[in-house]
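The residues making up each chain are set out below.
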Amino acid sequence: SARFESPVARARAMAEPAVVWVVDLMGSQVAQLVVNPRKPALSLKLQLAGIEGTAVSNQTLLLDGQTLYDDTPLASALGDRTSASIVLVRRAPMLTGALSAEDLRRLLLP
């Protein structure tokens, strides 16, 4: 049983790739990725930004209802699992639409 593995065996297991299914809040699959558990959650966000277009700063990733912060190693979040479903919560960008030259002048001048 994995529960009784030695720390060395567990460390070796953590070096193995993990399969992550990324779903949105509605449960629709966004991506299926093979990830390196030694990498931080930020690396997963970067992959998702390239695949589906949501900027890293507009993504929140949830695993078992807990937020995966950018510096969270995937291995610590995944534990002994070699696969998991992660929920992608997309936030709207802070600025949407186009700014005119007049808008910029108002923002930049006192």
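Heads up: the structure comes first, above all this text.
Residues numbered from 1 in each chain as written. Predicted model: local features only at pLDDT ≥ 70, side-chain atom pairs only at ≥ 80, totals over all residues. Heavy atoms only, no water.

So, on to the pattern of salt bridges. A complete count under the given rule lists three salt bridges for this structure. Close ionic contact of Lys45 with Asp70 constitutes a salt bridge, the shortest N to O distance being 2.7 Å. Here the residue Lys45 occupies a position in helix α2 (residues 41–52), and Asp70 occupies one in the loop between β4 (66–68) and α3 (74–78), the gap between them amounting to 25 residues. Judged by its relative accessible area of 33%, Asp70 falls in the partly exposed class. Between Arg90 and Glu52 there is a salt bridge; the shortest N-O distance is 2.9 Å. Of this pair, Arg90 sits in strand β5 (residues 83–90) while Glu52 sits in helix α2, and the two are 38 residues apart along the sequence. For Arg90, a relative accessible area of 40% corresponds to the partly exposed category. (Salt bridge = Lys/Arg side-chain N within 4 Å of Asp/Glu carboxyl O. Helix = DSSP H or I, 4+ residues; strand = E, 2+ residues; numbered from the N terminus. Buried < 20%, exposed > 50% of the residue type's maximum accessible area, 1.4 Å probe, protein only.)

Okay, unusual backbone geometry next. With a phi angle near 55°, Asp64 is a residue other than glycine that sits in the positive phi range. Inspection of the secondary structure assignment puts Asp64 in the loop between β3 (59–63) and β4.

Moving on to the nonpolar core. By size, the foremost hydrophobic cluster in this structure holds 18 residues, and its most contacted members are Val35, Leu44, Leu48, Leu61, Leu68, Leu74 and Ile86. Elements that contribute at least two residues to this core include exactly β1 (18–23), β2 (29–35), α2, β3, α3 and β5. Considering each element in turn, this core owes the most residues, four residues, to β2. (Core = buried A, V, L, I, M, F, W, Y, C linked by side-chain atoms within 4.5 Å.)

A word on α2. Its twelve residues place the ends of α2 16 Å apart at the C-alpha level, agreeing with the 16 Å of an ideal helix rising 1.5 Å per residue. If you check which residues of α2 are buried, you get Ala41, Leu44, Lys45 and Leu48. Axial view of α2: buried residues confined to an arc of 100°, hence all on one face. α2 presents Leu46 and Gly50 as exposed residues on the side facing more than 90 degrees away from its buried surface. On its buried side, α2 packs onto β1, β2, β3, β4, α3 and β5. Where α2 terminates, the next one or two residues include Gly53, which has phi positive at roughly 95°. (Expected span 1.5 Å × (residues − 1). Arc of directions from axis to C-beta. Contact = heavy atoms within 4.5 Å.)

Okay, the pairing of β5 next. For a regular strand, the rule is simple: side chains alternate between the two faces of the sheet. Sheet topology note: the β1/β5 ladder contains five bridges and is parallel. Across the sheet, residue Trp21 finds its bridge partner in β5, namely Ser85. In this sheet, β5 lies alongside β3 in antiparallel orientation, the contact comprising four bridges. Each residue of the ladder has a partner; that of Gln59, found in β5, is Arg90. (Pairing = 2+ DSSP bridges.)

For β3, the tally of buried residues reaches four of five residues, placing the bulk of the element in the interior. Here β3 pairs with β4 via three bridges, running antiparallel. Paired with Leu63 across the two strands is Gln66, which belongs to β4.

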